[in-house]
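A look at the structure
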Amino acid sequence: MKVGIIKEGKIPEDKRVALTPAQCEEVLEKYPDVEIYVQKSPIRCYKDEEYQEAGIAVVDNVDDCDILLGIKEVPIPELVENKKYFFFSHTIKKQPYNRELLRAIMSNNIDIMDYEVLTREDGSRVIAFGRFAGLVGAYNGLLAYGKRMGTYDLKPAHLCHDLNELWIECKKVKLPQDYKIVLTGSGRVANGAVETLLAAGIKKVSREDFINESFGQPVFVQLRSKDYHVKKDNTPFEIKDFYANPDDFNSTFGDFLPVADMLVAGAFWHPAAPVLFTKEDMKKDDFKIKVIADVTCDIEGSIPSTVRPSTIADPLYDFNPKTGKEEAALSSEDNITVMAVDNLPNELPRDASESFGRQMIDNVLEDLFIEDKGIIERATITHGKQLTPKFSYLQDYVDGKE
């Protein structure tokens, strides 16, 4: 079986890769019948020479490979027909901007296995970049505060050589006494953010103490869904019920608006779920939050100030709560500074790639190369120019009916 690691073609560029040079060596040793070819790339975080030094073939194209591994969506002109691809297709939520991509995948008789739906039988994901989104997202929130107040200056994450250098930079963070950060989420993204906040010397406290107490030092609270949602009929909160029927719940996030100085949003948000707050809430005198690091980056979703994604090169913009409009970053102390980079793991591409490849080797490749126990099948969106049964709900999306 021939496996090709493709060069990333999407703009803005992505430097990550599915398998590092050392991991390619490990795969070849573990699976003698597998061959790996790496397509030349001028932007990849691991240079072509690093693969060559590891004994991996570096080639101009990988069109003769059976399986092609990428990270971001493959541009339509670069798709190779009759292949099996792995990449994040961003189609399973019927994203309008990728409708033509899914159509092209089907017309070219491509099997697309989407990393986002590589899952165990219970539905839990086996591979993700979420931790690094959280790590960098929280860091960018701290960077934004330093720039806003002029009290310290952090090196941008993408200029750090690796995660260790980012941790060193965190030691520069100097927040005011009793500064309070509210973090939403309990999964990979939020737990990554926790790592960064702790590395910056910020103390973790309980929900009740966060709202009611003063600490004389910077603190943060990590909120799970049950911490800021209540059932409309006042019955006890159950997480399965919340996921299945999010519109049956009200938000209590308003309890945090008068006390939190910064929000780091790391929780998955369903469009049927209540928003964290509204534009009207942001106009109130007791709305205290001045920095929002929206790691989830749901445009016009649960956070109304996230009006667009920002970029690694230009990560910040301001939101004027009075006008409800975007303004230049750091242009007024009355504005709210927003960080909404939508490809945060790409700021630490080597570390993120190493973590991703480790998950790939440990959780996916045996099913791909030896015997599929369901992981590959569950992640296969298209086969034989058709949607697989699990993803048949996308047919109207493909046909342009919705």
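The protein is annotated in an unreviewed UniProt entry as Saccharopine dehydrogenase [NAD(+), L-lysine-forming] of Flammeovirga agarivorans. The heading Subunit (unreviewed entry) in the UniProt record of the protein holds the text "Monomer." Recorded under Pathway (unreviewed entry), the UniProt text for the protein is reproduced unchanged: "Amino-acid biosynthesis; L-lysine biosynthesis via AAA pathway; L-lysine from L-alpha-aminoadipate (fungal route): step 3/3."

To continue, consider helix α3 (residues 99-107). Considered for burial, the residues of α3 that qualify are Arg99, Leu101, Leu102, Ala104, Ile105 and Met106. Lining the buried residues of α3 we find β6 (111-113), β17 (382-383), β18 (386-387) and α13 (395-398). Positive backbone phi, approximately 55°, marks asparagine 109, located one or two places after α3.

We now examine the UniProt feature "binding site: NAD(+)" (unreviewed entry) in the protein. Summarizing the sequence annotation, UniProt attributes the feature "binding site: NAD(+)" (unreviewed entry) to Gly187, Arg188, Asp227 and Val295 in the numbering used throughout. Among the structural elements, glycine 187 can be located in the loop between β7 (180-184) and α6 (188-199). As for its placement among the helices and strands, aspartate 227 is situated in the loop between β9 (219-223) and β10 (229-231). If we skip the residues at most four places from it in the chain, aspartate 227 touches Arg207, Gln222, Thr252 and Phe256.

Our next topic: the side chain of glutamate 347. Mapped onto the fold, glutamate 347 is located in the loop between β16 (336-339) and α10 (349-363). Among the polar contacts listed, one links the side chain of glutamate 347 to the side chain of asparagine 140, at a separation of 3.0 Å.

Once that is clear, we can look at the side chain of aspartate 318. In this fold, aspartate 318 is placed in strand β14 (residues 316-320). For the buried aspartate 318, which has no salt bridge, the nearest side chain bearing the opposite charge is arginine 148, at an N-O separation of 4.8 Å. Setting aside residues no more than four positions away along its own chain, aspartate 318 makes contact with Lys325, Glu326, Glu327, Ala328, Ala329, Leu330, Ser331, Ser332, Asn335, Ile336 and Thr337.

So, on to unusual backbone geometry. Put simply, isoleucine 11 and proline 12 share a cis peptide bond, and its omega is 0°. Within the secondary structure, proline 12 sits in the loop between β1 (2-5) and α1 (21-30). Backbone geometry places cysteine 297, a non-glycine residue, at a positive phi of 55°. When its relative accessible area of 12% is taken as the criterion, cysteine 297 is described as buried. Phi angles above zero are rare outside glycine, and leucine 330 is one such case at about 60°. Within the secondary structure, leucine 330 sits in the loop between β15 (325-327) and β16. For leucine 330, a relative accessible area of 38% translates into the label partly exposed.

Turning to the nonpolar core, a few remarks are in order. If you look at the biggest cluster of nonpolar residues, it comprises 104 residues, and the most contacted ones within it are Tyr85, Phe86, Tyr115, Leu118, Leu142 and Ile181. Sorting elements by how many residues they give to this core places helix α4 (residues 130-149) first, with ten residues. When residues of this core are sorted by domain, at least three fall in each of domain 1 (2-127 + 349-399) and domain 2 (129-339). Excluding residues within four positions of it along the chain, phenylalanine 86 makes contact with Ile67, Leu68, Leu69, Gly70, Met113, Tyr115, Leu118, Met360, Val364, Leu368 and Ile376.

With numbering matched to this structure, UniProt assigns "active site" (unreviewed entry) to Lys72 and His90. What stands out for the annotated residues spanning 19 residues is how close their C-alpha atoms remain, the widest pair being 8.7 Å apart. Checked against the element boundaries, lysine 72 lands in the loop between β4 (67-69) and β5 (84-86). Non-local contacts of lysine 72, meaning those with residues more than four positions away in its chain, are made with Glu8, Lys10, Asp14, Arg16, Phe87, Phe88 and His90. For histidine 90, the position within the fold is in the loop between β5 and α3. Every residue in contact with histidine 90, bar those within four places of it in the chain, is listed here: Lys72, Glu73, Gln95, Tyr97, Asn98 and Asp114.

Rules used throughout
Residues numbered from 1 in each chain as written. Predicted model: local features only at pLDDT ≥ 70, side-chain atom pairs only at ≥ 80, totals over all residues. Heavy atoms only, no water. UniProt positions renumbered as here; feature names shortened; annotations may be inferred. Buried < 20%, exposed > 50% of the residue type's maximum accessible area, 1.4 Å probe, protein only. Helix = DSSP H or I, 4+ residues; strand = E, 2+ residues; numbered from the N terminus. Contact = heavy atoms within 4.5 Å. Polar contact = N/O pair within 3.5 Å; in protein donor to acceptor, adjacent residues only side chain to side chain. Lys, Arg positive; Asp, Glu negative; His and termini not counted. Salt bridge = Lys/Arg side-chain N within 4 Å of Asp/Glu carboxyl O. Core = buried A, V, L, I, M, F, W, Y, C linked by side-chain atoms within 4.5 Å. Domains from an automatic or database assignment.

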